[in-house]
Amino acid sequence: MTDVTMSSVTAPPSAPPGRRSPLGSVLVHAALIAASIAMVYPLLWMISASVRPEDEIFASTSLWPSAVDFASYARGWFGLDVSFGRFFWNSLVVSVLTVIGNVVACSLAAYAFARLRFAGRNFWFAIMLGTMMIPYHVTLIPQYVLFLNLGWVNTFLPLVVPKFLASDAFFIFLMVQFFRGIPRELDEAAMMDGCGPWRIYWKIMLPLSLPVLATAAIFSFIWTWDDFFGPLIYLNDMNSYTIQLGLRTFVDSSSTSDWGGLFAMSTLSLVPVFFFFLFFQRLLIEGIATTGMKR
Amino acid sequence: MAAVQDSAVAIGAGASERPAAQGRWAGLWTRHGAGYMFLLPWLVGFFGLTLGPAVASLYLSFTSFDLIRAPEWVGTANYVRIATADPKFAAAMQVTFLYVVLSVPFKLSFALLVALLLDRGVKGLTFYRALFYLPSLLGGSVAIAVLWRQLFAGDGLINSLLAQFGIEGPSWISHPSYSIWTLVVLSVWQFGSPMIIFLAGLRQIPTDMYEAASLDGASKFRQFYKITLPLLTPVIFFNAVVQTIDAFKAFTPAFIISGGTGGPINSTLFYTLYLYQEAFGNFRMGYASALAWILVLIIGLFTAFSFLTSRYWVHYDD
């Protein structure tokens, strides 16, 4: 960190020059490893707490349980009147429908903004960008009244239908950026061959946009899976609860005792997100780096 | 759909062969209709779920409305009460601003610091980057809020760790002076996504600037202040705006950690939590609408202020 020497000139261009001394490198790694441990420790502790014997949970700060015991999982799974299987299933249904809605509706709108010419395009594009800034609280109450009058409260419709109307403008923006990078010659050639906009969209844009569609799909899934506010407002019947609502109910009902079961179900609820992280982290990280997504 | 394809063919084959009137309609359709067809779902959503409701909520904010009886016009009474006679509103504002002012700078400083460390070409960059990003993905979930509630409880993990050093910690979540800090720590823990954006920004800075500077004998600190920091200001600005807006809208952790109350003594009563209580706890929909519009106003003012001041400290290439 301190050596400012000529070595910087000969350093490989990939790394910022002149910044590597052996000591500095060790210190950096020490700092990074310490930070990593501090960050992951609570997560690992939760996982280990979920397989610990109940009386050991609060007694121990170590990550290694004295005995591995999956009883908490069985207890937690049936800890409420409705089993967690039901909550997981509900979350899965809502998340998958949301993914489909977002990918279909947002790619349609993005194709129009990125490729088609029509009167008012720039105006609508500006409006679309504007909607990204508005906090959802402004539309919350009238939307609730609307869905209440439609008889949709206690169904998944209020959570899912808006996605089929491209309500997540962020994904439109993401896809517009990507579509604009696809060479226009491809559309023009297809047009010469007699393809209309639908076929260009279906046969050229979508197949060439799989990375951005996948990014949008994965983020849709994770955000919906984690969403708490929407289900909290629209789902009142325990049979329709998503996993996040189920966990919250479990916290309230078991504030007395069953931490093991609570941690077991909490751990399980993170598994799908962790799975996406494990297999698609490059896609997720690139998505954030290029667009500056908030999460 | 068929018409679109026909006219697309016509463009290729020579539109002049078509009858004039039909050609004009087909041309108009090709020019505008297809665009609006693709835009249709979004347009329906925009009018039905965004613009319409926004106008409706502005109207509701001047009414008294409990979902059962029709909204009753009360003029500016809601706003007047918010501004003059609502101690809970004042508490919520105070808590929310405190949260924003504490969590955003800490989170961004930490993100920048780690990004700078990682940008030095350390081995295992992708591993660290992924690991640090993980909490950002998980952090919004109820599970993590539940975990946090245990970590900072009186007999929680943090106090068990402190006890090993002979320190007896308080019950962080149930003490009004500390409870907000548990939420700040939770926010800082999720520093991964701004860190990734910082890293991408650092990559954009040309290395030959550093080479030239170090040839001229500029120290590392000087290089940081004269090259890295100025060139990174657009990214810092972006991260600061996004994170601040996000912090104003935070909800889930405060809800779970306080059990939906915003307690103890309103110390975690985030603005959105108060809005939720008014709307869906007390069914004061008109009042909650007014609260929502004030939130919009605050976020709008903040964003406008950021952009206005940005010209004085954000470095743009020209």
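The rules behind each value
Residues numbered from 1 in each chain as written. Chains lettered and ligands numbered in written order. Predicted model: local features only at pLDDT ≥ 70, side-chain atom pairs only at ≥ 80, totals over all residues. Helix = DSSP H or I, 4+ residues; strand = E, 2+ residues; numbered from the N terminus. Buried ≥ 20, exposed ≤ 12 C-beta atoms within 10 Å, placed from the backbone. Contact = placed C-beta atoms within 7 Å. UniProt positions renumbered as here; feature names shortened; annotations may be inferred. Axes fitted to C-alpha atoms, helices over the stretch in contact; angles between N-to-C directions. Parallel < 35°, antiparallel > 145°, perpendicular 65-115°, else oblique. Left-handed = near helix turned anticlockwise from the far one by under 90°. Domains from an automatic or database assignment. Nonpolar A, V, L, I, M, F, W, Y, C, P; charged D, E, K, R; others polar.

Undergrad: Would you mind going over the overall build of chain A in detail, with residue names and values included?
TA: Secondary structure assignment for chain A yields 14 helices and 0 strands. Its helices and strands in sequence order give chain A the pattern α-α-α-α-α-α-α-α-α-α-α-α-α-α, from N to C terminus. Every one of the 295 residues in chain A was classed for burial, and the buried ones make up 43%. Long-range pairs, those at least 24 residues apart, make up 70% of the contacts in chain A between residues at least 6 apart in sequence.

Undergrad: I'd love a proper account of the UniProt feature "domain: ABC transmembrane type-1" (unreviewed entry) in chain B, names of residues and values included.
TA: The feature "domain: ABC transmembrane type-1" (unreviewed entry), as annotated in UniProt, sits at residues 93–306 of chain B in this numbering. Between the C-alpha atoms that bound residues 93–306 of chain B the distance is 19 Å, and the span itself is 74% helix and 0% strand.

Undergrad: Mind laying out the UniProt feature "transmembrane region" (unreviewed entry) in chain B, listing which residues take part and the relevant values?
TA: Residues and elements named next belong to chain B. The UniProt feature table records "transmembrane region" (unreviewed entry) at residues 38–62, 97–118, 130–148, 178–202, 223–242, 254–276 and 288–308. Span residues 254–276 is 43% helix and 0% strand, its end C-alpha atoms 12 Å apart. With 100% helix and 0% strand, residues 288–308 has end C-alpha atoms that lie 30 Å from one another.

Undergrad: Would you mind going over the packing of helix 8 (residues 169–180) of chain A against helix 11 (residues 210–226) of chain A in detail, with residue names and values included?
TA: All names here are of chain A. It is at 10 Å that the axes of helix 8 and helix 11 come closest, and there the two elements cross at 165 degrees. Classified by the angle between their axes, helix 8 and helix 11 sit roughly antiparallel to one another. As for the relative orientation of helix 8 and helix 11, their crossing is right-handed in sense. In this structure, helix 8 contributes Phe171, Leu174, Met175 and Phe178 to the contact, and helix 11 contributes Val212, Thr215 and Ala216.

Undergrad: So what's going on with the domain arrangement of chain A? Residues and values would help.
TA: Residues and elements named next belong to chain A. Domain boundaries in chain A define domain 1 (7–69) and domain 2 (84–291). Contacts between the two partners involve 7 residues from domain 1, matched on the other side by 6 residues from domain 2. Split into classes, the residues belonging to the side of domain 1 that touches domain 2 amount to 4 nonpolar, 1 polar and 2 charged.

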